[in-house]
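# A closer look at the structure
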Amino acid sequence: VRVLTVNCGSSSLKYSVIDVACAQEVVTGLVERIGETFPDHGAALDAVLAAEPDLAAVGAVVHRVVHGGERFRAPVLIDEEVVAQIRELAELAPLHNPVNALGIDVARRALPSLPHVAVFDTAFHATMPPHAYMYAVPREWHVRRYGFHGTSHSYVARAAAKLLGREVHELDQIILHLGNGCSASAVQRGRSIDTSMGLTPLGGLVMGTRAGDLDPALVPHLQRTLGLSVAAIDEVLNKRAGLMALAGANDLREVHRRIEEEADREAAIALAVYCYRIRKYVGSYLAALGGTDTIVFTAGVGENDALVRAKSLAGLERLGISVDDDLNAAGGPVISPPGSPVCVLVVPTDEELEMATQAAGLLAGG
Ligand code: ADP
């Protein structure tokens, strides 16, 4: 069966057609700068469908939705009620869920005879126990940790097991998804038991433009001392913090270039902060799991940046963790020396394939 995947970002539309049986991407495309190139996501999708008739020759459409809240713990078949609930969850994900819901509306209107499925970034982490997802704040606030990038963590955990010739439920793993957004997860025998992002995708690791973990008192402090509004602080923490704030660039390739070519001290410190945060999460998930079988790097940085991989895990030999320079430079999949207690891997993520596979599974009654 072929499945059309739709991933609507704030100003982009990413799509692909996946042949699930042979795990092959048949078509893939990206429309960027919607708003300049097309009036809205609807017009962009109409144009894409008109230009690529293959896109409609599928058995189902699967949509990426960022926040599934407490309600959505697995993929669901979309109906009016599901779309309404996705819209309600916009309170938790104002940057993402409204545009995800819009993409669903547009695609359902364009392809009304096909089943549409929603896959949620939070779903894989729905297995976290209360001691991992609770914040120590009043219960009536109704806030908790959810975690994101679940589609990627789920895919990569299984792909790593497959590479090792093992079943995912035989292994404990630490997954490091390092892209524009970054998150770590502790995966015990195939189930997520903790992850670094929280109520929203702002928490945890240092990211391209997001701060990651902070002292929450920083917000009232900035209100008092600089007179900044909560909205202004929120905007900075999401869009102008992280590597962007520390190094003046959100792309690690540029951070490395500044270090190498300009001996830029601020860029060097930014890289050190980024890698130290990863190391701290690896340490805490080693404790959460009581030891791990694998540490897996994935996404744009994780798959390509040998220096980040080496720096994040340097000097952890006493914990059974080491990275071999040559294997690391070659890009893996295995980058730890043969016989290491912890197998360190580089595994490319494939969120589209995972979405299509989950949708096909749901529709087949699995
Ligand atoms: P997204 O989180 O948007 O899906 P990706 O997983 O594709 O993004 O990661 C994008 C990021 O990966 C870029 O911002 C860049 O910092 C980083 N990246 C891509 N290629 C490299 C590379 N060769 N070396 C270091 N970083 C890279």
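Residues numbered from 1 in each chain as written. Predicted model: local features only at pLDDT ≥ 70, side-chain atom pairs only at ≥ 80, totals over all residues. Heavy atoms only, no water.

## A word on the nonpolar core
Stated formally: For this analysis, a nonpolar core means a set of buried residues of the types Ala, Val, Leu, Ile, Met, Phe, Trp, Tyr and Cys, connected via side-chain atoms within 4.5 Å. Think of it in three bands: residues with accessible area under 20% of the maximum for their type are buried, residues over 50% are exposed, and the middle band is partly exposed, with areas taken using a 1.4 Å probe on protein chains only. Secondary structure elements follow DSSP: runs of H or I of four or more residues count as helices, runs of E of two or more count as strands, with numbering from the N terminus. Residues are treated as being in contact if the distance between any of their heavy atoms lies within 4.5 Å.
By size, the foremost hydrophobic cluster in this structure holds 41 residues, and its most contacted members are L176, L178, Y274, I295, V308, L313 and I321. Among the elements of the structure, β7 (172–178), β8 (182–188), α8 (242–247), α9 (252–262), α10 (265–289), β10 (294–298), α12 (306–313) and β11 (343–346) are those that each provide at least two residues to this core. Broken down by element, the residue count for this core peaks at 11 residues, all from α10. Not counting residues within four places of it along the chain, the set of residues in contact with L176 comprises S183, A184, I278, V282, I295, V296, F297 and T298. Grouped together as the second largest cluster of nonpolar side chains are 26 residues, Y155, A157, A160 and M355 included.

## Some points on the sheet that holds strand β4 (residues 60–65)
To keep it simple, the criterion reads: Strand pairing requires that DSSP identify at least two bridges connecting the strands.
Within the open sheet, the six strands sit side by side as β3-β2-β1-β4-β6-β5. Their pairing is mixed. The open sheet has two free edges, formed respectively by β3 (24–31) and β5 (76–77), since each of these has just one partner strand. Here strand β2 (residues 13–19) runs beside β3; their pairing, made up of seven bridges, is antiparallel. Each residue of the ladder has a partner; that of Y15, found in β3, is G29.

## Description of unusual backbone geometry
Omega for the peptide link from G332 to P333 comes to 15°, which places this bond in the cis form. Of note, P333 is situated in the loop between α13 (325–330) and β11. The backbone phi angle of H142 is positive, close to 55°, even though this residue is not glycine. Structurally, the position occupied by H142 is in the loop between α4 (130–133) and α5 (150–163). Even without a glycine there, the phi angle at H149 is positive, about 60°. Tracing the chain through its elements places H149 in the loop between α4 and α5.

## Focus on the site of the ligand
The following threshold applies: A molecule or strand has a residue near it when one of that residue's heavy atoms lies within 4 Å. The definition of a polar contact used here is a pair of N or O atoms within 3.5 Å, where within protein one atom must be able to donate a hydrogen and the other to accept one, and adjacent residues in sequence count solely through side-chain atom pairs. Note that accessible areas follow from Shrake-Rupley with a 1.4 Å probe, and for residues the cover is restricted to the protein chains shown. Residues are grouped as follows: Ala, Val, Leu, Ile, Met, Phe, Trp, Tyr, Cys and Pro are nonpolar; Asp, Glu, Lys and Arg are charged; all remaining types, including Gly, are polar.
Around the ligand, a shell composed of G179, N180, G181, D251, L252, R253, A299, G300, V301, N304 and D305 is seen. The contact in question runs from an oxygen atom of the ligand to an N or O atom on the side chain of D251, over 3.2 Å. At 2.9 Å from an oxygen atom of the ligand is found a main-chain nitrogen or oxygen belonging to G300. Bound to the protein, the ligand loses 69% of the 580 Å² it would expose on its own. Elements supplying a minimum of two residues to the shell around the ligand: α9 and α11 (299–304). The element contributing the most residues to the shell around the ligand is α11, with four residues. Its residues assigned to classes, the shell around the ligand shows three nonpolar, five polar and three charged.

## Things to note about the pattern of salt bridges
How we decide: Any Lys or Arg side-chain nitrogen found within 4 Å of a carboxyl oxygen on Asp or Glu counts as a salt bridge.
Scanning the model with the defined rule gives 17 salt bridges in all. Among the ionic pairs, E352 bridges to K14, the shortest N-O distance being 4.0 Å. Highlighted residues: E352 in helix α14 (residues 351–363) and K14 in strand β2, separated in sequence by 338 residues. On the basis of relative accessible area, E352 is assigned to the buried category, the value being 11%. Salt-bridge contacts for R189 lead to D172; the nearest nitrogen and oxygen are separated by 3.9 Å. Here the residue R189 occupies a position in the loop between β8 and β9 (191–195), and D172 occupies one in strand β7, the gap between them amounting to 17 residues. Look at R189 and you get partly exposed, because its relative accessible area is 43%. Members of the salt-bridge network, linked through shared partners, are E254, R257, R258, E261 and E262.

## Description of the packing of aromatic side chains
Defined as follows: Each pair of aromatic rings taken from Phe, Tyr and Trp, with Trp reduced to its six-membered ring, is defined by centres within 6.5 Å and is described as stacked if the planes are under 30 degrees apart, edge-to-face if over 60, and tilted in the remaining cases. For a lysine, the NZ atom is tested; for an arginine, the CZ atom; a charge sits over a ring if that atom is within 6 Å of the ring centre and within 35 degrees of the ring normal.
For the structure on display, the rule yields two aromatic pairs. Seen in terms of ring centroids, F72 and F120 are 4.5 Å apart; in terms of plane orientation they differ by 5°. Their pairing is stacked. Remark: F120 occurs in strand β6 (residues 116–120) and F72 occurs in the loop between β4 and β5; sequence separation between them is 48 residues. Per residue, the accessibility class of F72 equals that of F120, and both read buried. Cation over ring: R144 sits above Y133, and NZ or CZ is 3.8 Å from the ring centre.

## Some remarks on the packing of α10 against α12
For clarity, the cut-off: Lines fitted to the C-alpha atoms define the axes, with helices restricted to the stretch that makes contact. Angles between their N-to-C directions range from 0 to 180 degrees. Angular relationships are summarised with four words: roughly parallel below 35 degrees, roughly antiparallel beyond 145, roughly perpendicular across 65 to 115, and oblique for the angles in between. A clockwise turn of the near helix away from the far one marks a right-handed crossing, whereas an anticlockwise turn of less than a right angle marks a left-handed crossing.
It is at 8 Å that the axes of α10 and α12 come closest, and there the two elements cross at 55°. Between α10 and α12, the interaxial angle falls into the category oblique. By crossing handedness, the relation of α10 to α12 is classed as right-handed. The residues of α12 that touch α10, namely those facing L271, A272, Y274, C275, I278, R279 and V282, are L307, V308, K311, S312 and L313. Considered class by class, the residues forming the contact of α10 with α12 number nine nonpolar, one polar and two charged.

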